[in-house]
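Structure assessment
Each chain, letter by letter, is given below.
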Amino acid sequence: LDVFTNRRFGGNPLAVVLGADALSTGQMQAITKEFNLSETIFVMKPGDAANTAKVRIFFPGGEMAFAGHPTVGCAILLAEQKYKPGCSFETTILLEENAGLVPVKVSRIGEVPRAQFTAPVVPFPVALALPELALVAQALSLRVEDIGFEGHHIGVFEGGPRFFYVPVNSRQALERCVVCEPHWTGMISKLGVDNAYVYARGGDNAKTNFRSRMFAPTGGIPEDPATGSATAILAAQLLKSEALGDGLHEWRLEQGYEMGRPSDLFLEADVEQGKLVAVRVAGQAIGVMQGTLEI
């Protein structure tokens, strides 16, 4: 499927392997490398019959406890299998992921379904010694003065996976981003985080709040077209940067546009007494191909 898009050949490609109960961890990793996508999700029978499925998520470099675009794409596929083509529906898919149980609300009104997951871990800041801005700028082919805007500063946040957030003050700076060695390796060796989520205000759509890019070349992902987990964890960065008041907050994000894989993601966060209590991410997905694996 292509995820976080309503058009084929946009969004983030995802391989969903059904009936994966008999596969070993080594086979799952080998299949993931064969597809060579940012992530592949394997679907098995649930441990609890009340849930829809147990899943394991891999990227080319290993296994992930949780990831957003596999969660959205897999939930949409499993929901569509329950209903006749063309019929409208609304249902909840319960996925047993390594990070915990992930509820996903899936609906189809029209041709392309939409899913919204609740993050299994409420994101939180990580206390780390951050690299100097000069090194961050070199690692991403930026200028020091490009980094940061209006209360937004670099930071590391976690919610299952961990991401390094780099705000930049213009779309032009975001477009210029290119991973540059040896500075990249120097930066991530200080962080203990093998990625950088770079974002700026605005987007092509007038309703878009932020445009983003996510780089993780040392994890086998040179650039990711859409990163649902990083989008969910961004809520913690926004809480810190914008001093969000109590209540519901909503944002629209664009990612993958610079790659020619435009993706649209929708983030919600509930804040109570100045703290995040729930984070949700939504998007669409559309089928592209299906087939049979020979093991």
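The structure reproduced in this document is the subject of the present report. Note that the coordinates shown come from a computational prediction; the quantities given were computed from them, not determined experimentally.

1. A look at the overall build of the protein
On a plain count of helices and strands, the protein comes out with six helices and 18 strands. A compact globule built from 295 residues would reach a C-alpha radius of gyration of about 19 Å, and the protein, at 18 Å, matches this within 12%. Counting only C-alpha atoms, the protein reaches 55 × 40 × 35 Å along its principal axes. In the protein, buried positions account for 54% of the 295 residues. Surface summary for the protein: the accessible area is close to 12900 Å², and the carbon and sulfur share equals 51%. Both charge centroids of the protein, one from 25 positive and one from 32 negative side chains, sit 2 Å from each other.

2. Notes on the pattern of salt bridges
A complete count under the given rule lists 17 salt bridges for this structure. Glu-223 is the salt-bridge partner of Arg-213, the closest N and O atoms lying 2.8 Å from each other. One end of the pair, Arg-213, is in strand 14 (residues 210-216); the other, Glu-223, is in strand 15 (residues 221-224), with 10 residues separating them in the sequence. Each member of the pair Arg-213 and Glu-223 is classed as buried.

3. Quick notes on the environment of Ala-196
Turning to its location among the elements, Ala-196 is positioned in strand 13 (residues 196-201). Classification of Ala-196 as buried rests on a relative accessible area of 0%. For the pair Ala-196 and Ala-139, spaced 57 residues apart in sequence, the C-alpha to C-alpha distance is 9.8 Å. The contact partners of Ala-196, leaving out residues within four places of it in the chain, are Leu-140, Phe-164, Trp-184, Met-187, Arg-213, Met-214 and Phe-215.

4. Here's the deal with unusual backbone geometry
Cis geometry marks the peptide bond from Glu-181 to Pro-182; its omega dihedral reads 0°. Summarising the element assignment, Pro-182 is placed in the loop between helix 4 (171-176) and helix 5 (183-191). Even without glycine at this site, Phe-9 takes up a positive phi of about 70°. Along the chain, Phe-9 turns up in the loop between strand 1 (2-3) and strand 2 (12-13). For Phe-9, a relative accessible area of 60% translates into the label exposed. The phi dihedral of Ser-141 is positive, around 60°, even though this residue is not glycine. Take Ser-141: its relative accessible area is 32%, and that puts it in the partly exposed class.

5. Examining the environment of Val-3
Within the secondary structure layout, Val-3 lies in strand 1. By relative accessible area, Val-3 is classed as buried at 0%. In the structure, Val-3 is positioned 223 residues away from Ala-226 in sequence and 7.9 Å away in space, judged by C-alpha atoms. Leaving out residues up to four positions away in the same chain, Val-3 has contacts with Gly-11, Asn-12, Leu-14, His-69, Val-72, Gly-73, Ser-263, Gln-284 and Ala-285.

6. What to know about the side chain of Glu-223
Residue class for Glu-223 comes out buried when judged on its relative accessible area of 14%. Only 2.8 Å separates the side chain of Glu-223 from the side chain of Arg-213, close enough to count as a polar contact. Apart from residues no more than four positions distant in its own chain, Glu-223 is found in contact with Arg-213, Met-214, Phe-215 and Met-259.

7. A closer look at a nonpolar patch on the surface
Together, Phe-35, Leu-293 and Ile-295 make up an exposed nonpolar region whose accessible area comes to about 300 Å². Residue Ile-295 is classed as exposed on the basis of its relative accessible area, which comes to 68%.

8. Considering the state of the cysteines
As used in these notes, a disulfide is a covalent bond between sulfur atoms, one from each of two cysteines. Tallied over the full model, the rule gives zero disulfides. Take Cys-180: it sits in no disulfide, and the sulfur closest to it among the cysteines is that of Cys-177, at 12 Å.

9. As for helix 5
Of all the residues in helix 5, the buried ones are Trp-184, Met-187, Ile-188 and Leu-191. One face of helix 5 carries all of its buried residues, which in axial projection span an arc of 90°. Looking at helix 5, the residues exposed on the side facing more than 90 degrees away from the buried face are Ser-189 and Lys-190. In the core, the buried residues of helix 5 are packed alongside helix 3 (133-139), strand 11 (155-158), strand 12 (162-167), strand 13 and strand 14. A positive backbone phi angle near 75° is found at Gly-192, which sits one or two residues after helix 5.

10. Some details on the side chain of Asp-2
The topology assignment puts Asp-2 in strand 1. A distance of 2.5 Å separates a polar side-chain atom of Asp-2 from the backbone nitrogen of Phe-9. Setting aside anything within four residues of it in sequence, one finds Asp-2 in contact with Arg-7, Arg-8, Phe-9, Gly-10, Asn-12, Pro-13, Arg-261, Gln-284, Ala-285, Ile-286 and Val-288.

Reading the values: the criteria
- Residues numbered from 1 in each chain as written.
- Predicted model: local features only at pLDDT ≥ 70, side-chain atom pairs only at ≥ 80, totals over all residues.
- Heavy atoms only, no water.
- Helix = DSSP H or I, 4+ residues; strand = E, 2+ residues; numbered from the N terminus.
- Rg over C-alpha atoms; globule rule 2.2 N^0.38 Å.
- Buried < 20%, exposed > 50% of the residue type's maximum accessible area, 1.4 Å probe, protein only.
- Areas by Shrake-Rupley, 256 points an atom, 1.4 Å probe, with all protein chains shown as cover.
- Lys, Arg positive; Asp, Glu negative; His and termini not counted.
- Charge placed at Lys NZ, Arg CZ, Asp CG, Glu CD.
- Salt bridge = Lys/Arg side-chain N within 4 Å of Asp/Glu carboxyl O.
- Contact = heavy atoms within 4.5 Å.
- Polar contact = N/O pair within 3.5 Å; in protein donor to acceptor, adjacent residues only side chain to side chain.
- Patch = residues over 30% accessible without salt bridge, like charges linked within 9 Å, V, L, I, M, F, W, Y side chains within 5 Å.
- Disulfide = S-S within 2.5 Å.
- Arc of directions from axis to C-beta.

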